[in-house]
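# Close look at the chain arrangement
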Amino acid sequence: MTAKVVTVTSGKGGVGKTTATANLAAALAAEGSKVVCIDADIGLRNLDVVLGLENRIVYDIVDVVEGRCRLRQAMIRDKRLPELYLIPAAQTRDKSAISPSDMIRLCDDLRSEYDWIMIDSPAGIERGFRNAIAPADVVIVVTNPEVSAVRDADRIIGLIEAEEKGPARLIVNRLRPDMIRRGDMLAIEDILELLAVDLIGVIPEDEMVVMSTNRGVPVSIDGKSRAGQAFRNISRRLKGEEVPFINLEEQGGLLGRLSRLIRPGGN
Amino acid sequence: MSSIIEKILGKDRHSANLAKERLKLVLIHDRTDLTPTALDALKDELIDVISRYVEIDPKAVRIGMEHDGREQRLIADIPLRPTARKRTR
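Residues numbered from 1 in each chain as written. Chains lettered and ligands numbered in written order. Predicted model: local features only at pLDDT ≥ 70, side-chain atom pairs only at ≥ 80, totals over all residues.

Residue and element names in this part refer to chain A. Here helix H6 (residues 147-162) crosses helix H8 (residues 188-195) at 35°, and the two axes come no closer than 10 Å. As H6 runs across H8, the sense of the crossing is right-handed. Contacts between H6 and H8 involve Val 150, Ala 153, Asp 154 and Ile 157 from the former and Ile 191, Leu 194 and Leu 195 from the latter. Grouping the constituent residues of the contact of H6 with H8 by class yields six nonpolar, no polar and one charged. (Axes fitted to C-alpha atoms, helices over the stretch in contact; angles between N-to-C directions. Helix = DSSP H or I, 4+ residues; strand = E, 2+ residues; numbered from the N terminus. Left-handed = near helix turned anticlockwise from the far one by under 90°. Contact = placed C-beta atoms within 7 Å. Nonpolar A, V, L, I, M, F, W, Y, C, P; charged D, E, K, R; others polar.)

One broad trend across soluble globular proteins is that nonpolar side chains are buried collectively. Residues and elements named next belong to chain A. Formed by 87 residues in total, the largest nonpolar core has its most connected members in Ala 25, Val 35, Ile 117, Met 118 and Ile 119. Broken down by element, the residue count for this core peaks at eight residues, all from helix H1 (residues 17-30). Not counting residues up to four positions away in its chain, the partners in contact with Met 118 are Val 6, Val 8, Thr 21, Leu 24, Ala 25, Val 35 and Cys 37. (Core = buried A, V, L, I, M, F, W, Y, C linked by C-beta atoms within 7 Å. Buried ≥ 20, exposed ≤ 12 C-beta atoms within 10 Å, placed from the backbone.)

Residue and element names in this part refer to chain A. The sheet built from eight strands is open, its strands ordered S3-S4-S2-S5-S1-S6-S7-S8 with mixed pairing. In the strand order of this sheet, the two ends are held by strand S3 (76-77) and strand S8 (198-204), each with one partner. Pairing of strand S7 (residues 169-175) with S8 involves six bridges; the strand directions are parallel. Bridge pairing in S8 places Leu 175 opposite Pro 204. Contacting strand S1 (4-9), strand S2 (35-39), strand S4 (84-87), strand S5 (116-120), strand S6 (138-143) and S7, H1 crosses the sheet at an angle of about 165° to S5. Sitting on the sheet, H6 is in contact with S1 and S6, with an inclination near 165° to S6. (Pairing = 2+ DSSP bridges.)

Since one α-helical turn is 3.6 residues long, residues separated by three or four positions face the same way. For H6(A), spanning 16 residues, the distance from its first C-alpha to its last is 23 Å, which sits close to the expected 22 Å at 1.5 Å a residue. Buried within H6(A) we find A:Ala149, A:Val150, A:Arg151, A:Asp152, A:Ala153, A:Asp154, A:Ile156, A:Ile157 and A:Ile160. The inward-facing, buried residues of H6(A) abut S1, helix H5 (127-133), S6 and H8 of chain A together with helix H2 (15-32) of chain B. Trailing H6(A) by a residue or two, A:Glu164 shows a phi angle of about 60°, which is positive. (Expected span 1.5 Å × (residues − 1).)

Another point: the pairing of S2(A). Residue and element names in this part refer to chain A. In terms of burial, S2 is a largely internal element, five of the five residues being buried. Bridge analysis of S2 against S4 gives four bridges, and the strand direction is parallel. By the bridge assignment, Val 35 is partnered in S4 with Leu 84.

All names here are of chain A. At the junction of Gly 166 and Pro 167, the peptide bond is cis and its omega measures out at -5° in the coordinates. In this structure, Glu 164 is a non-glycine residue whose phi angle is positive, near 60°. Within the fold, Glu 164 resides in the loop between H6 and S7. For Arg 174, which is not glycine, the phi dihedral falls at a positive 65°. With respect to the helices, strands and loops of the structure, Arg 174 is situated in strand S7.

Worth remembering: the numbers are spatial, not functional.
As structure tokens, then:
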């Protein structure tokens, strides 16, 4: 077994990195893979609450790096998905507490026993981001269909290529097909044309994501939501399966279809 | 015809198109560190240098950025003054 290291990053904060990391990890574990998640957002940890594991933290990643505990002691096992583990970030330290080479060493220690190592990167382009991508085999960039998020995604994609970690793969999160249909949200094709990267998945805006985060149960293993299905599709694409993209924009009513007919070059 | 229907449907102003156009320009400058002012200065110097060797019309010179995938390219279009006119003079 040789784990693949997947880093989820974005540049801009609040676009859904932690949600994507938690949901992809849970979906992979639910399909039978052995998965370790690492929260690399030291000082602002959140992967623990999104996964519902916040009450079980004893040691964190900085304790491991500074030798206060063994790696296995810092790994929290998810009771719902027995092959899912979390290495939490420290909350009272900052990004400089660990280095890119610490992250590489840590992942190398885990590679032989797991299928996937999923790293949740902090926002930004500084030390925390460099820590997160240092051990990566695959880098996923999360963006939203809006100007500031796309701009930051472009910047981060450039940095990923400069670090020779590319080509990055893109998740467009919080898509609203109704807004795209009326021409008030960047369409997937527009974003791909601007960023010139490969798409790995599209997550529709879905209130089930908020509800499942409230409960601490990833939406990808909880029920039949559209966002959960989209995350499961991405997890299968990560494994190399060909999964067709759901055409979210084709679900318009008569008016939607009519407006597409009369608007040449529209969606 | 279609624009009338689009106006009725409130589709005369697509904010998504505006977002795309704005992003196109912003990304070109983000990727190259070349401000519009610097690009103008580059153009002026380029005209100076080339004029020392061949006759060109400075007003016809076009210089701009193009991108092919994630690759950026500086494109200069510099029409030469017709040499035939020079001979008849």
